[in-house]
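Observations on chain architecture
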2 protein chains.
Amino acid sequence: MTRRASEPVNGRRRSTIREVAERAGVSVATVSRILSGDYPASPATRKRVMRAVEELDYVANAHARALAGTSAKSIAIVLNSVISPHYAHVAQGVEAQTAVEGRLCLIGTTGGDAERELAMVKFMREQHAEAVILVGNVVADEKYGKRMSQYAHALTAIGSRLVLCGRPPLGPDVPAVVVEYDNAGGAFAATSHLLSAGHERILCLGRRPGHTTQDGRVAGYRKALAAHRVPHDPALEVEGTTMEWHEGYRMMKERLATGPRDFTAVFALNDLIAGGAYRALAEHGLRVPDDVSMVGFDDLQPSLDLNLTSVHLPHEEIGRTAVRLALEHEARGGTPPHVILGTHLVIRDSVRPRVS
Amino acid sequence: MTRRASEPVNGRRRSTIREVAERAGVSVATVSRILSGDYPASPATRKRVMRAVEELDYVANAHARALAGTSAKSIAIVLNSVISPHYAHVAQGVEAQTAVEGRLCLIGTTGGDAERELAMVKFMREQHAEAVILVGNVVADEKYGKRMSQYAHALTAIGSRLVLCGRPPLGPDVPAVVVEYDNAGGAFAATSHLLSAGHERILCLGRRPGHTTQDGRVAGYRKALAAHRVPHDPALEVEGTTMEWHEGYRMMKERLATGPRDFTAVFALNDLIAGGAYRALAEHGLRVPDDVSMVGFDDLQPSLDLNLTSVHLPHEEIGRTAVRLALEHEARGGTPPHVILGTHLVIRDSVRPRVS
DNA sequence: ATTGTTTCAGAAAACGGTTACTGAATCATT
DNA sequence: AATGATTCAGTAACCGTTTTCTGAAACAAT
């Protein structure tokens, strides 16, 4: 005996609008209209329909609804991982704004794998997402540019859009909305803060050439040095593979193991790195801020824990903005917007004037 | 002039299977079968179809697909907020396992609002989610139980299921899968660790009667005291409103302001609270672990930052398990499973033997 | 050469809604 | 009383797939 695949193993079948109509003694169309909102039905009919809906515990089939016509659409967000606090905050912003706009939020993670990213974008396209928001740091090489351009065109072709969140713009002919942080500006402020306190040998932790986020922050670091006429020593820029706690720990550990302590301050490219470096310093008997000054970037949990002066990024704001712009752009059309969100330094207690 | 609502403002229309069929010179059915996988089409036909798909950049309409027949279904996760690191890790686990099982992951947040939770469950029901995973701490009062029971039955009726993640079970007649942590066990271990180090006056930070998570942890704390025959002083249990950093800070701050320091160790009901308390202690010149010993709960970022001994929770594991059990249960039927995941203490450097 | 199997592909009926069009009452207007 | 306007509700076409049923070639076996 064969059973239709759609039938549940146990329990009743999902009730349809037809059954509601039958029970209420009206036509399917009437039920649909009454449930869709403002339809001038007679109170008696409306009541009968509502009762039938209650009794059958009816909920509309979103797929059928989407297929038939106007449907509450959805916004998709695709990110590397949701456990990174930074991404989590962005995701929160996206989710919140999505709810405000009356949409559903689909989420997918890629683990940084381009293959999975492609699959995700296709998946979201199948789901008719109104917009696909790609968030996060990335290697902006040629292949990347081509891939994004392809996404952008494919999505635009079907009336959806691509939103790049925390990624650099692609080019004038690629129809993608872009929302990013002023990484360089934040790094400039952070570094300037240390320079103003008299520090000149500032260790920069976590650079990773080719990665847009890190590149922007390092650029700000260098610009601040230049602005203060402090010589730039490339040896003070330490390279890291990821922006995680353990990398911060490793970088500082190695630095302290292999050479003299030739720096008086640390600029960590994010708070996680700062946290790891902090621990490594502590293990060498060096305290922040008494022995070493430190500034982080992100203003997330580690800043709170360590009382770290850090560059505040409007994480949730960027997520909300991404959704807002995507929807506005959808309505208005025209050239896709590109906004850069500002940052500001949050002063805590991890920087001391340099004793000379 | 009227325009169909489904047409995009700019750009072409999404191409349909019909167009692909036409371009390939075959029937719609053939295209569908070729794209669905293993259909014994002649190589020539297959190639023609694939080329048409490429040229039109065709992707199937997931809604139509879902409506028509077997479709890749989805798993929904509903949580308070995604910025809480704990929830984020659980969400990550859910997302990962969902991907492994070839499903889509829908995510929604409620902000702890029962109203929004209800709306979310309805929404997910409309979307035909295979399972709805509710995660997080909760007040387990009567109203709550009734609400959950209603969800469980509504979902079961349509062949879906309710999964409670980190929440207590409801009762034998409520068809819900339950996955939770051994909160009491973890708290017992944490408190025992402090007791073994000679601490007897252990401040317990963050209790909140009625909230299941906190209740479980406090129960473990008390049980450990009893097991070590240390008198239980209710005055050492400090009540908090949330489990966040600022609450931890506030609680410790008030404690230090209003009375003598009559404790030598702190058991924080989670790491965030530990972090806040840590800062408050520091502001009073008290260091961890030299002056005060401390143990946290969750083993998340603050533990890393502060080198805190903490109870490790298998955050991602619980998410993955939730998905796995939901799907298994769907296939097998029977009484819904209930599993309790174990915890273990991660020793770092925040506890010192008490000097007497 | 005829028949019985395969192999491949088309026609058409679902799936569960929405909505344009239509029509029957009811009501207001002359 | 006849007509026009307005309300409310039904009919049926359509959304884009999947899938069952069916049929025409092509091939193998007698």
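Rules used in this analysis
- The residue count restarts for each chain, going from 1 along the sequence in the order it is written.
- Each chain is given a letter, starting from A, and each ligand a number, starting from 1, according to the order in which they appear as written.
- At least 70 in pLDDT is required for a residue's local features to be given in this predicted model, at least 80 for side-chain atom pairs to be given and counted, and no such filter applies to totals for whole chains, interfaces and linings, which use all residues.
- Hydrogens and water are ignored here; the side-chain numbers use all heavy atoms of the structure.
- Helix and strand definitions follow DSSP, with helices as H or I runs of at least four residues and strands as E runs of at least two, each counted in order from the N terminus.
- As defined in this context, the radius of gyration uses C-alpha atoms, and a globule is described by 2.2 Å times the residue total to the power 0.38.
- When a residue's accessible area, from a 1.4 Å probe over protein chains only, is under 20% of the maximum for its type it is buried; when over 50% it is exposed; and in between it is partly exposed.
- We call two residues in contact when some of their heavy atoms are within 4.5 Å.
- Computed by Shrake-Rupley with a 1.4 Å probe, the accessible areas treat only the displayed protein chains as cover when residues are assessed.
- Counting rule for charge: Lys and Arg are taken as positive, Asp and Glu as negative, and neither His nor the chain ends is counted.
- Charged groups are reduced to one reference atom each: NZ for lysine, CZ for arginine, CG for aspartic acid, CD for glutamic acid.
- Any two strands between which DSSP finds at least two bridges are classified as paired.
- Axis definition: a line fit to C-alpha positions, over the contact stretch in the case of helices; interaxial angles, taken between N-to-C directions, run 0 to 180 degrees.
- When we say a residue is near a molecule or strand, we mean one of its heavy atoms is within 4 Å of it.
- N or O atoms within 3.5 Å of each other form a polar contact, as long as, within protein, one can give a hydrogen and the other can take it, and as long as residues adjacent in sequence are counted only when both atoms are side-chain atoms.
- Paired rings are identified among Phe, Tyr and Trp, the last through its six-membered ring, by centres lying within 6.5 Å, and are further divided according to the angle between planes into stacked (under 30 degrees), edge-to-face (over 60) and tilted (the rest).
- Lysine and arginine charges are scored as sitting over a ring when NZ or CZ, respectively, is within 6 Å of the ring centre and within 35 degrees of the ring normal.
- Residue type decides the class: Asp, Glu, Lys and Arg count as charged, Ala, Val, Leu, Ile, Met, Phe, Trp, Tyr, Cys and Pro as nonpolar, and the leftover types, Gly among them, as polar.
- UniProt positions are given in the numbering used here, feature names are shortened, and annotations may be inferred rather than shown by experiment.
- Note: buried area is the sum, over both parts, of the accessible area (probe 1.4 Å) each one loses when the two are combined.
- Salt bridges are defined as contacts in which a side-chain nitrogen from Lys or Arg sits within 4 Å of a carboxyl oxygen from Asp or Glu.
- Looking down the strands as they point away from you, a crossover is right-handed if its path from the first strand over the helix to the second goes clockwise.

Digging into the overall build of chain A
Secondary structure assignment for chain A yields 13 helices and twelve strands. In terms of overall size, chain A is more extended than a compact globule, its C-alpha atoms giving a radius of gyration of 26 Å where 356 residues would be expected to give roughly 21 Å. Per-residue burial over chain A gives 53% buried out of 356 residues. Partitioning the contacts of chain A with sequence separation of at least 6, the portion at a separation of at least 24 is 72%. With the model as given, the accessible surface of chain A reaches about 15500 Å², and the carbon-plus-sulfur share is 52%. One way to put it: in chain A the 42 positive side-chain charges average out to a point 6 Å from where the 40 negative ones average out.

A closer look at the sheet that holds strand S7 (residues 237-239) of chain A
Two orientations exist for strands paired in a sheet by backbone hydrogen bonds: parallel and antiparallel. Residues and elements named next belong to chain A. Spatially, S7-S6-S8-S9-S10-S12 is the arrangement adopted by the six strands of the open sheet, whose pairing is mixed. The two strands at the open ends of the sheet, each matched to only one other strand, are S7 and strand S12 (344-346). When the angles between neighbouring strand axes are averaged without regard to direction, this sheet yields 20°. Note: strand S10 (residues 309-312) against S12, three bridges, orientation antiparallel. By the bridge assignment for S12, Val311 is matched with Leu345. Relative to the sheet, helix H9 (residues 212-227) contacts strand S6 (202-207), S7, strand S8 (265-268) and strand S9 (293-298), its axis offset from that of S6 by approximately 165°.

What to know about the protein's contact with DNA strand C
Taken together, the neighbourhood of DNA strand C is formed by 27 residues, with Ser32 and Thr70 of chain A together with Ser27, Tyr39 and Thr45 of chain B sitting nearest. Backbone atoms, meaning sugar and phosphate, make up 60% of the atoms of DNA strand C lying within 4 Å of the protein. The backbone of Ile17 of chain A places a nitrogen or oxygen atom 2.7 Å from a phosphate oxygen of DNA strand C. Counting only elements with at least two residues in the surface near DNA strand C, the list comes to helix H1 (17-24), helix H2 (28-36) and helix H4 (62-68) of chain A together with helix H2 (28-36) and helix H4 (62-68) of chain B. For the surface near DNA strand C, the element with the highest residue contribution is H2 of chain A, accounting for five residues.

Describing the packing of aromatic side chains
In total, this model carries six aromatic pairs over all chains according to the counting rule given. On the basis of an interplanar angle of 15° and a centroid distance of 6.2 Å, the ring pair of Tyr221 of chain B and Phe267 of chain B is categorised as stacked. With Tyr221 of chain B in helix H9 (residues 212-227) and Phe267 of chain B in strand S8 (residues 265-268), this pair connects stretches of sequence that are 46 residues apart. The class for Tyr221 of chain B is buried, based on a relative accessible area of 1%. Look at Trp245 of chain B and Tyr249 of chain B: their rings are 5.6 Å apart centre to centre, the planes differ by 10°, and that puts the pair in the stacked class. Here the residue Trp245 of chain B and the residue Tyr249 of chain B both occupy positions in helix H10 (residues 245-258), the gap between them amounting to four residues, near one helical turn. Its relative accessible area of 6% is what places Trp245 of chain B among the buried residues. According to the relative accessible area criterion, Tyr249 of chain B is partly exposed, its value standing at 23%. Grouped by ring-pair contacts, the aromatic residues Tyr221, Phe267 and Phe297 of chain A constitute a single cluster. One Lys or Arg, Arg217 of chain A, reaches over the ring of Phe297 of chain A and ends 3.9 Å from the middle of that ring.

Points about the environment of Ile318 of chain B
All names here are of chain B. Within the fold, Ile318 resides in helix H13 (residues 315-332). Distance in space between the C-alpha atoms of Ile318 and Ala91 is 9.3 Å, their sequence separation being 227 residues. Excluding its chain neighbours within four sequence positions, the residues that come into contact with Ile318 are Val90, Cys165, Gly166, Val179, Glu180, Tyr181 and Leu341.

Quick notes on the protein's contact with DNA strand D
Close contacts around DNA strand D come from 28 residues, with Thr30, Tyr39 and Thr45 of chain A together with Ile17 and Ser32 of chain B the closest. Of all atoms in DNA strand D that approach within 4 Å of the protein, 58% are sugar or phosphate atoms. Take Thr45 of chain A: an N or O atom from its side chain is 2.2 Å from a phosphate oxygen of DNA strand D. In this structure, a phosphate oxygen belonging to DNA strand D sits 2.2 Å away from a side-chain N or O atom of Ser32 of chain B. If you list the elements that add at least two residues to the surface near DNA strand D, you get H2 and H4 of chain A together with helix H1 (17-24), H2 and H4 of chain B. When residues of the surface near DNA strand D are assigned to their parent elements, the largest contribution, five residues, is made by H2 of chain B. Broken down by class, the residue content of the surface near DNA strand D amounts to 15 nonpolar, nine polar and four charged.

Focus on the UniProt feature "domain: HTH cro/C1-type" (unreviewed entry) in chain A
Taking the numbering used here, the UniProt-annotated feature "domain: HTH cro/C1-type" (unreviewed entry) corresponds to residues 16-59 of chain A. A helix fraction of 70% and a strand fraction of 0% characterise residues 16-59 of chain A, whose end C-alpha atoms lie 8 Å from each other.

Considerations on the sheet that holds strand S12 (residues 344-346) of chain B
All names here are of chain B. Strands sit in the order S7-S6-S8-S9-S10-S12 across an open sheet of six strands; the sheet is mixed. At either margin of the open sheet sits one strand with a lone partner, and together these are strand S7 (237-239) and S12. With direction set aside, neighbouring strand axes in the sheet form an average angle of 20°. Strand direction decides the pairing type here: strand S9 (residues 293-298) and strand S10 (residues 309-312), joined by four bridges, are parallel. Looking at S10, one finds that Asp298 is bridged to His312.

So, the interface of chain B and chain A
Each partner contributes to the interface: chain B provides 61 residues, whereas chain A provides 62 residues. The contact between chain B and chain A buries some 5600 Å² in all, and 57% of this surface belongs to carbon and sulfur atoms. The largest share of the area that chain B buries against chain A comes from Arg14, His63 and Asp305 of chain B, three residues that together contribute 12% of it. With a shortest N-O distance of 3.1 Å, Asp57 of chain B and Arg125 of chain A are connected by a salt bridge. Listing elements by their share of the side of chain B that touches chain A, those giving two or more residues are H4, helix H5 (85-100), strand S2 (104-109), helix H6 (114-126), helix H7 (142-157), helix H11 (271-283), helix H12 (301-306) and H13 of chain B. Its residues placed into classes, the side of chain B that touches chain A shows 28 nonpolar, 18 polar and 15 charged.

Here we look at unusual backbone geometry
That bond from Val288 of chain A to Pro289 of chain A is cis: its omega, 5°, falls within 30 degrees of zero. At His128 of chain B, a position not held by glycine, the phi torsion is positive, near 60°. You can see His128 of chain B is positioned in the loop between H6 and strand S3 (129-135). Note on His128 of chain B: relative accessible area 15%, which makes it buried.

Section: the pairing of S8 of chain A
Residues and elements named next belong to chain A. Burial along S8 is two-sided: the face carrying Ala265 and Phe267 and the face carrying Val266 and Ala268 are both buried. Bridge analysis of S6 against S8 gives four bridges, and the strand direction is parallel. Bridge pairing in S8 places Leu205 opposite Ala268. Relative to S9, S8 runs parallel, the two being bridged by three bridges. Bridge pairing in S9 links Val266 to Met294. Handedness of the β-α-β unit built from S8, helix H11 (residues 271-283) and S9 comes out right-handed.

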